[in-house]
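These are the residues of each chain, in order.
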Amino acid sequence: MARNIALLAATALFAFATPALSHDSSAISDAQIAHIAYTAGQLDVETARLALERSRNPEVRAFAETMVRDHEAVNQQAVALLQRLGVTPAAHPTSAALSTEAASERQRLAGLQGEAFDRAYAAREAAYHAAVNQALRSTLIPGAHNAELKALLESGLALFSAHQEHAEMLVRQLR
């Protein structure tokens, strides 16, 4: 069941990424890249907060606390960088699709309890990080024109790859 949830989540996430990935990465501005990356991080924080409300599993709660701490820190760095550069994040179809998918997923997760919630949350996090990491590798990092933005995205990718590994380990533990 967790595998089906992960595949469903990954499919939805790759569907959200289609607008960004279907274009040449040079067609995406740094302002749009910043908006996509910030949105992805903020949505993960919101889902992690839901996990902190619903889960009683210490490993799930520790993972969710890590998601809040790390994604908020990266988002704060991104906001500071954009302010320093005088760049205003710009909406992109991917940002909107991410928000829509995340709202639907949070609603689905909110209907679960106990171990079912924990397994679904962990599977969603593994799939979400896999999809976001792929978008970072294939579109966002190559499309970034500003060296500082590119460096921030690259450091985010390293951190989020560790998140993906942690989520995958959590999925295995919760089977």
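Rules of the game
Residues numbered from 1 in each chain as written. Predicted model: local features only at pLDDT ≥ 70, side-chain atom pairs only at ≥ 80, totals over all residues. Heavy atoms only, no water. Helix = DSSP H or I, 4+ residues; strand = E, 2+ residues; numbered from the N terminus. Expected span 1.5 Å × (residues − 1). Bend = angle between axes of the 7 residues up to and from the residue. Buried < 20%, exposed > 50% of the residue type's maximum accessible area, 1.4 Å probe, protein only. Axes fitted to C-alpha atoms, helices over the stretch in contact; angles between N-to-C directions. Parallel < 35°, antiparallel > 145°, perpendicular 65-115°, else oblique. Contact = heavy atoms within 4.5 Å. 1 Å grid on protein atoms, 1.4 Å probe; cavity = no way out; pocket = protein on both sides within 12 Å on 5 of 7 lines; lining within 4 Å. Points joined across faces, edges and corners; volume = space filled by probe spheres on them. Nonpolar A, V, L, I, M, F, W, Y, C, P; charged D, E, K, R; others polar. Lys, Arg positive; Asp, Glu negative; His and termini not counted. Salt bridge = Lys/Arg side-chain N within 4 Å of Asp/Glu carboxyl O.

Observations concerning helix H5 (residues 114-143)
Here is step 1: Taking 1.5 Å of rise per residue, 30 residues should cover 44 Å, and H5 covers 41 Å from first to last C-alpha, within 8% of that figure.
Here is step 2: The axis of H5 is deflected most strongly, by about 50°, at Leu136.
Here is step 3: Burial of H5 is extensive: 21 of the 30 residues sit out of reach of the surface.

Some details on the packing of helix H2 (residues 30-54) against H5
Here is step 1: Packing of H2 against H5 leaves a shortest axis separation of 11 Å and a crossing angle of 170°. Judged on the interaxial angle alone, H5 and H2 are roughly antiparallel. Residues Asp30, Ile33, Ile36, Ala40, Leu43, Asp44, Thr47, Ala48, Leu50, Ala51 and Arg54 of H2 form the contact with H5, whose own contacting residues are Phe117, Tyr121, Arg124, Glu125, Tyr128, His129, Val132, Leu140 and Gly143.

Description of helix H3 (residues 58-85)
Here is step 1: When the terminal C-alpha atoms of H3 are compared, their 40 Å separation across 28 residues agrees well with the 40 Å that a helix rising 1.5 Å per residue should span.
Here is step 2: Count one or two residues on from H3 and you reach Gly86, which has phi positive near 70°.

Some thoughts on empty space enclosed by the protein
Here is step 1: Under the counting rule described, the total for this entry stands at one cavity of 30 Å³ or more.
Here is step 2: Ala37, Tyr38, Leu136, Leu153 and Phe160 are the residues nearest the centre of the largest cavity, which is lined by 27 residues in total.
Here is step 3: Counting only elements with at least two residues in the lining of the largest cavity, the list comes to helix H1 (2-21), H2, H3, helix H4 (93-110), H5 and helix H6 (147-174).
Here is step 4: A breakdown of the residues in the lining of the largest cavity according to their chemical character gives 21 nonpolar, six polar and no charged.

Here's the deal with the environment of Asp44
Here is step 1: Its location among the elements puts Asp44 in helix H2.
Here is step 2: Taking the C-alpha atoms as reference, Asp44 lies 9.2 Å from His129; in sequence the two are 85 residues apart.
Here is step 3: Those residues in contact with Asp44, other than ones at most four positions away along the chain, are Met67, His71, Glu125, Tyr128 and His129.

Some words on the side chain of Glu125
Here is step 1: Inspection of the secondary structure assignment puts Glu125 in helix H5.
Here is step 2: Buried and without a salt bridge, Glu125 has Arg124 as its closest oppositely charged side chain, separated by 4.5 Å.
Here is step 3: What Glu125 contacts, discounting residues up to four positions off in sequence, is Asp44, Thr47, Phe63, Met67 and Ala167.

These figures capture arrangement, not role.
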